Amino acid sequence: MGSSTREQAGAARGAAVFRVLDREIDRVRRDTGAAPRVLDVGGGSGTWAVPLAVAGCAVTVVDTSPNALATLARRAGEAGVTDRITPVNGDVDTLAEVAPADGADLVLGHGLLEVVDGPGRVLAALAAAAAPGGAVSVLTVGRYGAVIGRVASGRLAEARALLTDPDGRTGPDDRLLRRFDAHRLQELATGTGRLRTEVLQGDGTLEAWLPGPGQEGEPAGRDERDELDALASSVPALAEVAPRLHLLARRY
Ligand SMILES: C[S@@+](CC[C@H](N)C(=O)[O-])C[C@H]1O[C@@H](n2cnc3c(N)ncnc32)[C@H](O)[C@@H]1O
């Protein structure tokens, strides 16, 4: 329990989200003295659920995919946290049937809003599952980060579509239903009538630009890279071009 969720998760993601989640679970422990109750909707194979459980949280994962939940069970076993994770095969559209209203200190919807029908309705369901004073964490795909990625790889028609399509899609074959800019994401949170945004930042803001091992440039250790990435992620102009946007909102 001494180590951060970031340390538990390894180098899979940018540092900015883990820092915010660590702060949040520390707050719950301080306020309640109990293990933070986390509800991870669309939690899949446990990218976030497993490190949060290792950090001492009691995590319920709701996901429509039995395959993802099977992988989650295996990973939880390997990490020794099977008893702290409750996998539920369920749909966010019927979340109230499997997760009590006002029941979680922290609700995660990571990688979810870009693949579901009705993102506003889904975010409202996540908000309803959070306890008053608790938090909802949303991680989703950034529209302008995708534009820059396409330009850098010479896919200019896709870049144009991402800029002009109302939902920020590359076309009908796009595997995502939408991409977000910061304004739209915040508007969605406000529109639930239950969430006040506290953090709106990028995630992995510099990952495409930081030189990796063996590439040219100043050699940087992981801590230094994380530090720089988290710093850049908190700058609104840079967050807007991050590959992922992260919002943490307080339930009222
Ligand atoms: C892109 S993955 C994200 C997994 C994980 N949250 C992460 O950030 O790595 C999206 C997950 O959402 C799940 N999912 C998609 N639609 C869903 C729905 N309507 N209700 C619950 N889960 C859903 C998928 O099965 C998948 O595991």
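Residues numbered from 1 in each chain as written. Predicted model: local features only at pLDDT ≥ 70, side-chain atom pairs only at ≥ 80, totals over all residues. Heavy atoms only, no water.

The chain is annotated in an unreviewed UniProt entry as Class I SAM-dependent methyltransferase of Pseudonocardia spirodelae.

A. Spatial organisation of the overall build of the chain. Along the backbone of the chain there are eleven helices and seven strands. Here the chain has a C-alpha radius of gyration of 18 Å; the compact-globule value for 252 residues is 18 Å, and the two agree. The C-alpha extent of the chain, read off along each of the three principal axes, is 50 × 40 × 35 Å. Sequence-distant contacts in the chain: of pairs separated by 6 or more residues, those separated by 24 or more amount to 72%. Accessible surface for the chain amounts to roughly 11,800 Å². Of this, 52% is attributable to carbon and sulfur atoms. Across the chain, the mean location of the 28 positive side-chain charges is 2 Å away from that of the 34 negative side-chain charges. (Helix = DSSP H or I, 4+ residues; strand = E, 2+ residues; numbered from the N terminus. Rg over C-alpha atoms; globule rule 2.2 N^0.38 Å. Contact = heavy atoms within 4.5 Å. Areas by Shrake-Rupley, 256 points an atom, 1.4 Å probe, with all protein chains shown as cover. Lys, Arg positive; Asp, Glu negative; His and termini not counted. Charge placed at Lys NZ, Arg CZ, Asp CG, Glu CD.)

B. Geometry of the environment of Arg178. Within the fold, Arg178 resides in the loop between helix 8 (156-164) and helix 9 (182-191). In the structure, Arg178 is positioned 40 residues away from Val138 in sequence and 14 Å away in space, judged by C-alpha atoms. Contacts of Arg178, omitting those with residues within four sequence positions, involve Leu113, Glu114, Val115, Val116, Asp117, Gly118, Pro119, Asp167, Arg169 and Arg184. A distance of 2.5 Å separates a polar atom in the side chain of Arg178 from the backbone oxygen of Leu113. Polar contacts involving the side chain of Arg178 include one to the main-chain carbonyl oxygen of Val116, which spans 2.8 Å. (Polar contact = N/O pair within 3.5 Å; in protein donor to acceptor, adjacent residues only side chain to side chain.)

C. Looking closely at the sheet that holds strand 4 (residues 104-110). A sheet is described by the order of its strands in space; here seven strands give the open sequence 3-2-1-4-5-7-6, paired in mixed fashion. A single partner strand is all that each edge strand has here, and the edge strands are strand 3 (85-89) and strand 6 (195-203). Taken over all neighbouring pairs, the strand axes of this sheet differ in orientation by 15° on average, direction set aside. One ladder, built from six bridges, connects strand 4 with strand 5 (residues 130-141); its direction is parallel. The residue of strand 5 that forms the bridge with Val107 is Val136. Contacts between helix 6 (residues 119-129) and the sheet are confined to strand 1 (37-41), strand 4, strand 5, strand 6 and strand 7 (244-251), with strand 5 contributing the most and set at about 145° to the helix. (Pairing = 2+ DSSP bridges. Axes fitted to C-alpha atoms, helices over the stretch in contact; angles between N-to-C directions.)

D. Highlighting the pairing of strand 2 (residues 58-63). Relative to strand 2, strand 1 runs parallel, the two sharing five bridges. Opposite Arg37, over in strand 2, you have Ala58 as the bridge partner. Once the chain exits strand 2 it traverses helix 4 (residues 66-79) before rejoining the sheet at strand 3, and the crossover so formed is right-handed. (Right-handed = clockwise from strand over helix to strand, strands pointing away.)

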